[in-house]
Amino acid sequence: MDEQLLKRFVKYAKVNTRSDMNSQTVPTTYAQVEFALKLAEELKEIGLEEVEYNDANGFVTATLPSNLAHDVPVIGFIAHIDTADFNAENIQPQVHVNYDGNDIVLNKELGIVMTTAEFPQLAHYIGETVITTDGTTLLGADDKAGMASIVTAMEEFIQHPELPHGKIRVAFGPDEEIGRGALLFDVDQFQADFAYTLDSGRVGKFEYETFNAAQAELTIKGTSVHPGTAKDSMVNALLVAAQFATALPQKEVPEKTEGYEGFYMLSSQVGTIDEVKATYIIRDHDKAGFEKRKQHFAALVDQFNQTFDQPRIAMKLYDQYYNMRDIIEKDLSIVELALNAYRALGIEPDVKPFRGGTDGSIITYKGLPTPNIFTGAENLHGKYEFVSVEGMKQAAQVVIEIARMNAE
Ligand SMILES: [Zn+2]
């Protein structure tokens, strides 16, 4: 399985499938369409059935038919095709066989080194086959590692018909990194009883708690007049924006919170005296805390507006995704199934509330409970991203073990 995983991962990683926030097409980049169509061919070649590319959402789906005489729940496995907003042009994966535990030179010419001082977790990978970048791009192990593990697990099932499994559905979709792909995921077409994403994280990680997430877009109108005659007439939108930012709870920001603590984050702010556009994100694991935060934010906008001659801050506040735990905890059997598979393989489960969202946060609320399994990838979204073949293999084995346990 190792060789297949390595070959498959490198093949996927070399293709630039970066998504684009500023594009309005589905998927947001044509490279993702081309990748998906090639992937569909590959899935047919390895022997999966009902392989489909869906034009409307950019997802490739396929079926591994059951080899059991009795009915068991249908499991889905999902990974994303796109990579994060970081250079993905000419990705050259570097394969370090039998990693020796020393600093890894990513690029000799440019002097780019991944040091064990900065990345002490490298010590976990001694003796493994570690795949890194050449220091000029990201690796895209998020989520090509998840893809490679799922496809290789399916191939393993097809080549070893003695491995028992019910019907399995797989899906590979676009635009996860910009939070859009899963919004168009078609749960009715997918026809699974529950599913797992394989998306990032060290071996052992498992996530079924995510943030509740909202975004607020503010447009702040100023009154720009010549500074020489501005007394009592200028309203400087830049200063209003700065005052608004400092009026929010100063300790409730990402850099000062952890665990279950929520936050407000100013994510962008551009403008002039005349007009400022600011974007905030609001995050909280707890539904009530989330609602409170949104109310507090909106009340602050009102409060500011009351101090002006006219409402100067216009707000668009909308929800992005919700904490999947609120749904999954009603029936924790799919969490137990996955964690039992980890344990059966000797993998220590590491279950923590995820301080972000996954495709599963959206898909779960579409009616398909979808927690997240590790892929083994680390240092995501940048030039220090890496994954080991052994890590991907453990992810593939988890997929196989979940199906085996579900078949009993
Ligand atoms: Zn990802």
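Use the structure listed above.
These lines cover the structure that appears in this document, whether it is placed above or below.

Conventions used here
- Residues numbered from 1 in each chain as written.
- Predicted model: local features only at pLDDT ≥ 70, side-chain atom pairs only at ≥ 80, totals over all residues.
- Heavy atoms only, no water.
- Patch = residues over 30% accessible without salt bridge, like charges linked within 9 Å, V, L, I, M, F, W, Y side chains within 5 Å.
- Areas by Shrake-Rupley, 256 points an atom, 1.4 Å probe, with all protein chains shown as cover.
- Salt bridge = Lys/Arg side-chain N within 4 Å of Asp/Glu carboxyl O.
- Helix = DSSP H or I, 4+ residues; strand = E, 2+ residues; numbered from the N terminus.
- Buried < 20%, exposed > 50% of the residue type's maximum accessible area, 1.4 Å probe, protein only.
- Core = buried A, V, L, I, M, F, W, Y, C linked by side-chain atoms within 4.5 Å.
- Contact = heavy atoms within 4.5 Å.
- Donors = N, O, S within 2.8 Å, 3.2 Å for Na, K, Ca; no water.
- Pairing = 2+ DSSP bridges.
- Arc of directions from axis to C-beta.
- Polar contact = N/O pair within 3.5 Å; in protein donor to acceptor, adjacent residues only side chain to side chain.
- 1 Å grid on protein atoms, 1.4 Å probe; cavity = no way out; pocket = protein on both sides within 12 Å on 5 of 7 lines; lining within 4 Å.
- Points joined across faces, edges and corners; volume = space filled by probe spheres on them.
- Nonpolar A, V, L, I, M, F, W, Y, C, P; charged D, E, K, R; others polar.
- Domains from an automatic or database assignment.

## Concerning a nonpolar patch on the surface
Step number 1: Together, V26, L183 and L184 make up an exposed nonpolar region whose accessible area comes to about 250 Å².
Step number 2: Here V26 shows up in the loop between α1 (2–13) and α2 (30–46).
Step number 3: You can call V26 partly exposed: its relative accessible area is 40%.

## Topic: the nonpolar core
Step number 1: Among the nonpolar cores identified, the biggest contains 62 residues, and F9, F77, M154, F172, Y196 and I402 are the most heavily contacted of them.
Step number 2: Filtering out sequence-adjacent residues up to four positions away, F172 remains in contact with L39, L43, G58, F59, V60, A79, I81, M147, I150 and V151.
Step number 3: L218, I220, A237 and F297 belong to the second-largest nonpolar core, a separate cluster that totals 22 residues.

## Some remarks on the coordination of the zinc ion
Step number 1: Coordination of the zinc ion by the protein comes from H80 (NE2), D142 (OD), D199 (OD) and D199 (OD), over a distance range of 1.9 to 2.7 Å.
Step number 2: Considered as a linear motif, the donors of the zinc ion on their single chain read H-x61-D-x56-D. Taken together, the residues D142 in helix α3 (residues 141–159) and D199 in the loop between β9 (194–198) and β10 (205–207) connect sequence positions 57 residues apart.
Step number 3: Classification of D199 by relative accessible area gives buried; the value is 8%.

## Notes on the sheet that holds strand β17 (residues 387–388)
Sheet strands pair by backbone hydrogen bonding; their relative direction is either parallel or antiparallel.
Step number 1: The strand order across the open sheet built from three strands is β4-β7-β17, with neighbouring strands paired in antiparallel fashion. Lying at the two open borders of the sheet, with one neighbouring strand each, are β4 (94–96) and β17.
Step number 2: Where strand β7 (residues 130–132) and β17 come together, two bridges link them in antiparallel fashion. By the bridge assignment, I131 is partnered in β17 with V387.

## Regarding helix α5 (residues 237–247)
Step number 1: For α5, the complete set of buried residues consists of A237, V240, A241 and F244. Projected down its long axis, α5 carries its buried residues within an arc of 100°, all on one side.
Step number 2: In the core, the buried residues of α5 are packed alongside β11 (212–221), β12 (263–271), β13 (275–284), α6 (287–306) and β14 (313–321).
Step number 3: The opening residue of α5, the one whose side-chain oxygen lies 2.9 Å from the backbone nitrogen of L238, is N236.

## Observations concerning the side chain of E401
Step number 1: Position of E401 among the secondary structure elements: in helix α10 (residues 389–406).
Step number 2: In this view, E401 contacts A341, A344 and L345; residues no more than four positions away in its chain are not counted.

## What to know about the layout of surface pockets
Step number 1: The computed volume of the largest pocket comes to approximately 1,400 Å³.
Step number 2: If you go around the largest pocket, you meet 41 residues; those closest to its centre are E176, E177, R283, Y321 and G357.
Step number 3: For the lining of the largest pocket, the element with the most residues is β14, which contributes three residues.
Step number 4: Partitioning the lining of the largest pocket into residue classes produces 15 nonpolar, 13 polar and 13 charged.
Step number 5: Per-domain counts for the lining of the largest pocket show at least three residues from each of domain 1 (2–209 + 324–406) and domain 2 (212–321).
Step number 6: For the second largest pocket, the calculated volume is near 190 Å³.
Step number 7: Every residue along the wall of the second largest pocket is listed here: K11, Y12, V15, A31, E34, F35, K38, L39 and E42.
Step number 8: Mapped by element, the contributors of at least two residues to the lining of the second largest pocket are α1 and α2.
Step number 9: If one sorts the elements of the lining of the second largest pocket by residue count, α2 sits on top with six residues.
Step number 10: For the lining of the second largest pocket, the class distribution of residues is five nonpolar, no polar and four charged.

None of this, on its own, says anything about what the molecule does.
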